[in-house]
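Letter by letter, the chains look like this.
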Amino acid sequence: MTTCLHALSLPFLPMPSSPPVITRFAPSPTGHLHIGGARTALFCWAYAKRHNGSFLLRIEDTDQKRSSEAASRGILEDLAWLGIDWDEGPVFKRENADGTVNTPPTTLGGNPREIGSFYQSERRDIYDTYINWLVERDLAYPAFDTPEELTVRRQLAEKEKRTFVYRRAADYNRDAVLSRMNAGEPCPIRFKMPGTPISFTDEVLGEITVSADELDDFVIRKADGFPTYHFAVVIDDELMGTTHIMRGQEHLNNTPRHIALMKALVNQTTNQPFRIPKFAHLTVIANQDNSKMSKRDRDKAARAKCRELNIKAVTDVSAKAGTKPLPHFDALPPGDFEQWLGDKTRQLETHALEDLATAIGVELPEIAVDDFRRSGYLPEAVLNYIALLGWNPGEKGPDGKDLERFDTAYLVEKFSFDRVGKSASKFDRAKLIAFNQDAIAKLTDDQFLSRWEIWATRDDRETLGRVGVSRLRLVVGAIKGRCRTLKDVRSLVSFAMIDDGAYAFNAKDVEKHLKADDGAGFETLRALAPKLQALPAFDVASIDALLDAHATQTGLGMGKIAQPLRVAVTGAAVSPPLGATLAILGRDSSLARIRRCIDAQA
RNA sequence: GGCCCCGUCGUCUAGCCUGGUCCAGGACACCACCCUUUCACGGUGGACACGCGGGUUCGAAUCCCGCCGGGGUCACCA
């Protein structure tokens, strides 16, 4: 009550009674941000925003072997691209603000509460302090079993159909073990599990109980001196004030261990017991075939295609590639590719894999956020789609239908745990594409052009160079509505990327639209060419008007006029609206192409 | 295999807590038709689901039990 009165009398001070919501996303930097991780981050972000709290980012790089700085940076970029801004965490300067959803601060992260570093590898002295504290009280202890011994015991347990649960040996000699440790012999430290069952309430799954005999004396510090995930996560969440932990369901079974640790520990600064945050475990996102979505799926797809094409060696790939350059693939160490072919657990270097994919003509499935970015998806579409994977607002839109299309502002306004689903969901690319197509259609022409330019600068330099933004602007109205992804611009304007004398004619289309009726199509071309030549302005509107007028004068149907022209200038019967098609080619190219068609095909 | 979690159209899901308004609603994909200078967009319509078996009840997608199915996890990875 006192607090309330205080709050009333001092309205400019925050209420001290209810601590602010603090959520965190804590990826391990072993690669680009996985789409499932992005959903977790999104929900953490939305929950913090919803409650005017703070969303922090922490890099869990306690695995020296697998973590890399490049991966850390990549994850920051991925989150920033999505528009999931972190209030605290590694500092990141944003570029290309126009490519993201939210109007953003240009600098993300920071350390306003002085709780960093946000890299666990830089916090080892903190973990050691707590570990020593536990060891002194015999709540944790050094263990000198070799990995080999443990493997043997595990296998034995498996043979006897028991679960292997590590327990401190009955004849454990604390003094002896401690002196070995103090003498500097490397060894892992294990936490001594209290022999009691542990229950907690998961915000999405409900009541969870794990019995004592399922819980082992798990390792909290590895022999290399680094804490394990289990330990570092508990210490950091306390020290950083995390109030709500959202994470993947693969951590559900770890939660009792973490809670046991929390109950054993005391915050050395405040001298208070660790606070136990709320937990929310999110279901996994799977492929259509129910397999877990994994980075390896990309290798799998490429390997399958190789088998289909009977590719057995690097030379077979070069043969398929023809003149296409494969710089990264060619840079692979000798024998690497052949080994990869035969080993399902191997992954090819990212860019080499992409070279391979273009060479053999296979689409790699997008798995990481960055894959989606490079495939030409818009962040707002990705965000909307993944938000719906496991959460829904349970609301009808103005049209009376279930509301599905929304932005992050709406998510923030509505997000709550009780509408997060409990069942695993499959990733449906077709639906994502539909969302993306709609998101693109909603862009203004200028926005579209600007988004495309940013994207193409990184991912389609060829189209950017050969067509360019200024020519694309001529036909943006016609192109935009046909793009499922930004990548589609390329195929939509591909006819304009080939030299006037080099595009191929589709025989069937030539037959149907030009040669039929004793070459009526060619007559149309001959009649139209001088009119196009004489047109004062060669833009979409003028061309369309000319075509209309010609149709009226001749009494021919539009189909009889447009299709021959289309085949003449593009080689086939499919292209953007004809006015746009001619406009992007320009007058000279259009006429040259018509002439070439008459000469070559008549 | 032990433990934990989950189970509504092909897919994402609404409905389940607080049984009847549900012979189950929406979205994506699919099919048909319409519009149309091609392709697409758009419009209209269609097909498609409560895993199975018991119970409780006048009445169950909704409550209870069993079975089956799927997933997760059992590391000095996270």
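Criteria and cut-off values
- Residues numbered from 1 in each chain as written.
- Chains lettered and ligands numbered in written order.
- Predicted model: local features only at pLDDT ≥ 70, side-chain atom pairs only at ≥ 80, totals over all residues.
- Heavy atoms only, no water.
- Salt bridge = Lys/Arg side-chain N within 4 Å of Asp/Glu carboxyl O.
- Helix = DSSP H or I, 4+ residues; strand = E, 2+ residues; numbered from the N terminus.
- Buried < 20%, exposed > 50% of the residue type's maximum accessible area, 1.4 Å probe, protein only.
- Pairing = 2+ DSSP bridges.
- Expected span 1.5 Å × (residues − 1).
- Bend = angle between axes of the 7 residues up to and from the residue.
- Contact = heavy atoms within 4.5 Å.
- Near = heavy atom within 4 Å.
- Polar contact = N/O pair within 3.5 Å; in protein donor to acceptor, adjacent residues only side chain to side chain.
- Axes fitted to C-alpha atoms, helices over the stretch in contact; angles between N-to-C directions.
- Parallel < 35°, antiparallel > 145°, perpendicular 65-115°, else oblique.
- Left-handed = near helix turned anticlockwise from the far one by under 90°.
- Core = buried A, V, L, I, M, F, W, Y, C linked by side-chain atoms within 4.5 Å.

1. Comments concerning the pattern of salt bridges
Turning to step 1, where the next piece is worked out: As enumerated under the stated definition, the model contains 40 salt bridges in all.
Turning to step 2, where the next piece is worked out: For the salt bridge of Asp138 with Arg174, the shortest nitrogen-to-oxygen distance reads 3.3 Å. Linking Asp138 in the loop between α4 (124-136) and β5 (140-142) with Arg174 in helix α6 (residues 174-182), this pair joins segments that are 36 residues apart in sequence.
Turning to step 3, where the next piece is worked out: Judged by its relative accessible area of 28%, Arg174 falls in the partly exposed class.
Turning to step 4, where the next piece is worked out: Across the pair Arg593 and Asp500 runs a salt bridge whose closest N-O atoms are separated by 2.8 Å. Of this pair, Arg593 sits in helix α27 (residues 587-601) while Asp500 sits in the loop between α22 (494-497) and α23 (507-534), and the two are 93 residues apart along the sequence.
Turning to step 5, where the next piece is worked out: The class of Arg593 is buried, set by a relative accessible area of 1%.

2. Some points on the pairing of strand β8 (residues 206-210)
Turning to step 1, where the next piece is worked out: Pairing analysis gives five bridges linking strand β7 (residues 198-202) to β8, with the strands arranged antiparallel. From the neighbouring strand, Asp202 faces β8, where its bridge partner is Gly206.
Turning to step 2, where the next piece is worked out: Where β7 folds back onto β8 in an antiparallel hairpin, the turn is made up of three residues.

3. Digging into helix α20 (residues 468-480)
Since the α-helix turns once every 3.6 residues, residues separated by three or four places project in the same direction.
Turning to step 1, where the next piece is worked out: Given a rise of 1.5 Å per residue, 13 residues ought to cover 18 Å, yet the end C-alpha atoms of α20 are separated by just 15 Å, more than 12% below that figure.
Turning to step 2, where the next piece is worked out: In the structure, α20 departs most strongly from a straight axis at Leu474, where the bend amounts to approximately 65 degrees.
Turning to step 3, where the next piece is worked out: Turning to α20, its buried residues number three or more, namely Gly468, Val469, Leu472, Val475, Val476, Ala478, Ile479 and Lys480.
Turning to step 4, where the next piece is worked out: Contact partners of the buried residues in α20: α17 (429-442), α18 (445-459), α19 (461-466), α21 (488-492) and α26 (578-585).

4. Observations regarding unusual backbone geometry
Turning to step 1, where the next piece is worked out: Geometrically, the link from Gly116 to Ser117 is a cis peptide bond, its omega value of 5 degrees lying close to zero.
Turning to step 2, where the next piece is worked out: Positionally, Ser117 belongs in the loop between β4 (107-110) and α4.
Turning to step 3, where the next piece is worked out: Positioned with a positive phi, Asn52 is a non-glycine residue whose angle comes to about 55 degrees.
Turning to step 4, where the next piece is worked out: Residue placement: Asn52 occurs in the loop between α2 (35-50) and β2 (54-57).

5. Examining the protein's contact with RNA strand B
Turning to step 1, where the next piece is worked out: Taken together, 63 residues form the shell around RNA strand B, and within it Lys222, Asn392, Asp402, Glu404 and Arg482 come nearest.
Turning to step 2, where the next piece is worked out: Protein-adjacent atoms of RNA strand B, using a 4 Å cutoff, are sugar or phosphate at a proportion of 71%.
Turning to step 3, where the next piece is worked out: Contact between RNA strand B and Gly390: a phosphate oxygen at 2.9 Å from a main-chain N or O atom of the residue.
Turning to step 4, where the next piece is worked out: Gln563 is positioned with one of its side-chain polar atoms (N or O) 2.9 Å from a sugar or linking oxygen of RNA strand B.
Turning to step 5, where the next piece is worked out: When contributions to the surface near RNA strand B are tallied by element, the ones reaching two or more residues are α5 (147-159), β8, α7 (229-239), β13 (425-426), α17 and α25 (558-570).
Turning to step 6, where the next piece is worked out: A per-element tally of the surface near RNA strand B places α25 first, with five residues.

6. Some thoughts on the side chain of Lys305
Turning to step 1, where the next piece is worked out: Among the secondary structure elements, Lys305 is positioned in helix α9 (residues 296-308).
Turning to step 2, where the next piece is worked out: Taking the relative accessible area as the measure of exposure, Lys305 reaches 19% and is therefore buried.
Turning to step 3, where the next piece is worked out: Discounting chain neighbours no more than four positions away, the residues touching Lys305 are Ile360, Gly361 and Val362.

7. Description of the sheet that holds strand β6 (residues 189-191)
Turning to step 1, where the next piece is worked out: Strand order across the open sheet formed by three strands is β5-β6-β9, with antiparallel pairing between neighbours. The open sheet has two free edges, formed respectively by β5 and β9 (219-221), since each of these has just one partner strand. Across this sheet, the average inter-strand angle for adjacent strands is 40 degrees, counted without regard to direction.
Turning to step 2, where the next piece is worked out: Pairing analysis gives two bridges linking β6 to β9, with the strands arranged antiparallel.

8. Considerations on the packing of helix α24 (residues 540-554) against α26
Turning to step 1, where the next piece is worked out: At a minimum axis separation of 8 Å, α24 and α26 run at an interaxial angle of 125 degrees. With respect to each other, α24 and α26 are oriented oblique. The way α24 lies across α26 gives a crossing that is right-handed. Residues Val540, Ile543, Asp544 and Leu547 of α24 form the contact with α26, whose own contacting residues are Leu578, Gly579, Ala580, Leu582 and Ala583.

9. A few points about the nonpolar core
Turning to step 1, where the next piece is worked out: The biggest cluster of nonpolar side chains holds 149 residues, and the ones touching the most others in it are Leu134, Ile220, Phe231, Leu265, Phe427 and Phe448.
Turning to step 2, where the next piece is worked out: The dominant element in this core, judged by the number of residues it contributes, is α2, at ten residues.
Turning to step 3, where the next piece is worked out: Dropping the residues within four chain positions of it, Phe448 is found in contact with Ile440, Leu443, Val476, Ile479, Lys480, Cys483, Leu486 and Val489.
Turning to step 4, where the next piece is worked out: Judged by nonpolar contacts, the second largest core, of 19 residues, contains Ile311, Val317, Ala321 and Ala352.

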